[in-house]
Amino acid sequence: MASSPILPAAMLTETRAAPMPAHWRDFVALTKPRVMSLVIFTGLCGLLAAPGGINPVLGFTAILCIAMGAGGAAALNQWWEADVDAKMKRTASRPLPAGRMDRQSALHFGVGLSFFSVILMGMATNWFAAAILAISILFYVVVYTIWLKPRTAQNIV
């Protein structure tokens, strides 16, 4: 008579499926395009309202850098809040909580996009503008995402 084997306790623990390889659309979703469009509009208004003229190529590059910086900051925001996003109906379908992307890919994407945006801004326009962009990214990620959001409902003010 055959008896069923007894499984060790370690084999009875629940295992989590590895995230699927991320699709390019998931990386775009990490940048929060709707929020980014507001940042781009604000930057464009600033360029248009500034006294004097600006070379159109430099203006486009500056707006591109602002968009990349905002996208990188948004990706880092989603990387930090993946556990919280999984609990909310509105955000549960984002790439990280939905399991379509692993956290390390989101972290690398956010840091890389942020870093590249600051370097390109510095090389294309000036280092003061690049410093302002870097401070903006750090403010969004550290002050807003990490410090204010979990502590107060007034975080957006």
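Since we're looking at a predicted model, the values are computed, not measured.

Asks: Outline the overall build of the protein chain, supporting the account with residue identities and numerical values.
Replies: Along the backbone of the protein chain there are 6 helices and 0 strands. Moving toward the C terminus, one meets the helices and strands of the protein chain in the order α-α-α-α-α-α. For the protein chain, the proportion of its 157 residues judged to be buried stands at 29%. Nonlocal contacts in the protein chain, meaning residues at least 24 apart in sequence, comprise 64% of its contacts between residues at least 6 apart. For the protein chain, the computed accessible surface area is about 10800 Å², with 71% contributed by carbon and sulfur atoms.

Asks: I'd like a description of unusual backbone geometry, backed by residues and values.
Replies: We note that Lys32 has phi near 50 degrees; this positive angle belongs to a residue other than glycine. With respect to the element layout, Lys32 can be found in the loop between α1 (24-30) and α2 (33-49). Here Lys32 falls in the buried class, since its relative accessible area comes to 13%.

Asks: Outline the environment of Ala70, listing residues and values.
Replies: Mapped onto the elements, Ala70 comes out in helix α3 (residues 56-80). Judged by relative accessible area, which is 18%, Ala70 ranks as buried. Between the C-alpha atom of Ala70 and that of Leu133, which follows or precedes it by 63 residues, the distance is 8.9 Å. Residues within four places of Ala70 in sequence aside, it is in contact with Met36 and Val39.

Asks: Please set out the environment of Arg25 residue by residue, giving values where relevant.
Replies: With respect to the secondary-structure elements, Arg25 resides in helix α1. Separated by 70 residues in sequence, Arg25 and Pro95 have C-alpha atoms that sit 9.1 Å apart.

Asks: Provide a residue-level description of the side chain of Thr61, including the pertinent values.
Replies: Relative to the helices and strands, Thr61 resides in helix α3. Once residues within four sequence positions are removed from consideration, Thr61 is found in contact with Leu120 and Ala124.

Asks: Tell me about the nonpolar core, residues and numbers included.
Replies: Counting 10 residues, the largest nonpolar core is built from Ala62, Cys65, Ala73, Leu76, Val118, Met121, Ala130, Leu133, Ile137 and Val141. The set of elements that each furnish at least two residues to this core consists of α3, α5 (103-124) and α6 (127-148). Sequence-distant contacts of Ile137, that is, excluding residues within four places in its chain, are made with Gly69, Ala73, Ser114, Ser117 and Val118. Counting residues in each nonpolar core, the second largest holds 6 residues, with Leu30, Ala75, Ala82 and Leu96 among its members.

Reading guide: rules and limits
- Residues numbered from 1 in each chain as written.
- Predicted model: local features only at pLDDT ≥ 70, side-chain atom pairs only at ≥ 80, totals over all residues.
- Heavy atoms only, no water.
- Helix = DSSP H or I, 4+ residues; strand = E, 2+ residues; numbered from the N terminus.
- Buried < 20%, exposed > 50% of the residue type's maximum accessible area, 1.4 Å probe, protein only.
- Contact = heavy atoms within 4.5 Å.
- Areas by Shrake-Rupley, 256 points an atom, 1.4 Å probe, with all protein chains shown as cover.
- Core = buried A, V, L, I, M, F, W, Y, C linked by side-chain atoms within 4.5 Å.

Interpretation note: all reported values are geometric properties and have no functional meaning in isolation.
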